[in-house]
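# Architecture at a glance
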Amino acid sequence: MTGTTSRKTSNPLKLHLGCGSIHLNGFINVDMVKTHAVDVVMDIRHLRYDNETVETIYASHVLEHFPHGEIPKLLMEWHRVLKIGAIAEFQVPN
């Protein structure tokens, strides 16, 4: 037997939070309400992911659905799961 090693390769963990009816390929599409686009039904205020495990968070037209006082806590939760050097992209109206 030759001395070969096998390495586990994993896809980067990319979350599309508050996806609604928009499914993005290559992302885990997360929303509180199950639609055809949702991969995981979850409250995005309490992510069930370990600290520093997520490579990318994308959230489009989600933040405006939360009271202003909740947004800092929400962003801290999202920051908790992001790896150092990860990407977070948010889109909001206006």
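Scroll up to find the structure this text is about.
Reading the values: the criteria
Residues numbered from 1 in each chain as written. Predicted model: local features only at pLDDT ≥ 70, side-chain atom pairs only at ≥ 80, totals over all residues. Heavy atoms only, no water. Helix = DSSP H or I, 4+ residues; strand = E, 2+ residues; numbered from the N terminus. Buried < 20%, exposed > 50% of the residue type's maximum accessible area, 1.4 Å probe, protein only. Contact = heavy atoms within 4.5 Å. Core = buried A, V, L, I, M, F, W, Y, C linked by side-chain atoms within 4.5 Å. 1 Å grid on protein atoms, 1.4 Å probe; cavity = no way out; pocket = protein on both sides within 12 Å on 5 of 7 lines; lining within 4 Å. Points joined across faces, edges and corners; volume = space filled by probe spheres on them. Nonpolar A, V, L, I, M, F, W, Y, C, P; charged D, E, K, R; others polar. Phe/Tyr/Trp six-rings, centres within 6.5 Å; stacked < 30°, edge-to-face > 60°.

### Here we look at the overall build of the chain
For the chain, the helix and strand inventory stands at 1 helix and 5 strands. By residue count, 34% of the 94 residues in the chain fall in the buried class. Within the chain, contacts between residues at least 6 apart in sequence are counted, and of these 53% link residues at least 24 apart.

### Regarding the environment of A59
Tracing the backbone through its elements, the reader meets A59 in strand β4 (residues 54–60). Along the sequence, A59 and A88 sit 29 residues apart, while their C-alpha atoms lie 8.1 Å from each other. Apart from the residues within four sequence positions on either side, A59 is in contact with L17, W78, E89, F90 and Q91.

### A word on the nonpolar core
By size, the foremost hydrophobic cluster in this structure holds 19 residues, and its most contacted members are L15, L17, I44, L47, I57 and W78. Only β1 (14–17), β4 and α1 (71–81) provide two or more residues apiece to this core. Per element, the largest residue contribution to this core is 4 residues, and it comes from α1. Setting aside residues no more than four positions away along its own chain, L47 makes contact with L15, L17, M42, E77, W78, R80 and V81.

### So, the layout of surface pockets
Volume-wise, the largest pocket comes out at about 270 Å³. Of the residues that constitute the lining of the largest pocket, the class distribution is 7 nonpolar, 6 polar and 1 charged.

### With respect to the packing of aromatic side chains
Within a pair of aromatic rings, the relevant descriptors are the distance that separates the centres and the angle that separates the planes. Scanning all chains against the criterion turns up 2 aromatic pairs. A ring pair is formed by W78 and F90, whose centres lie 5.5 Å apart and whose planes are at 40°; its orientation type is tilted. You can see W78 sitting in helix α1 and its partner F90 sitting in strand β5 (residues 82–91), a full 12 residues away along the chain.

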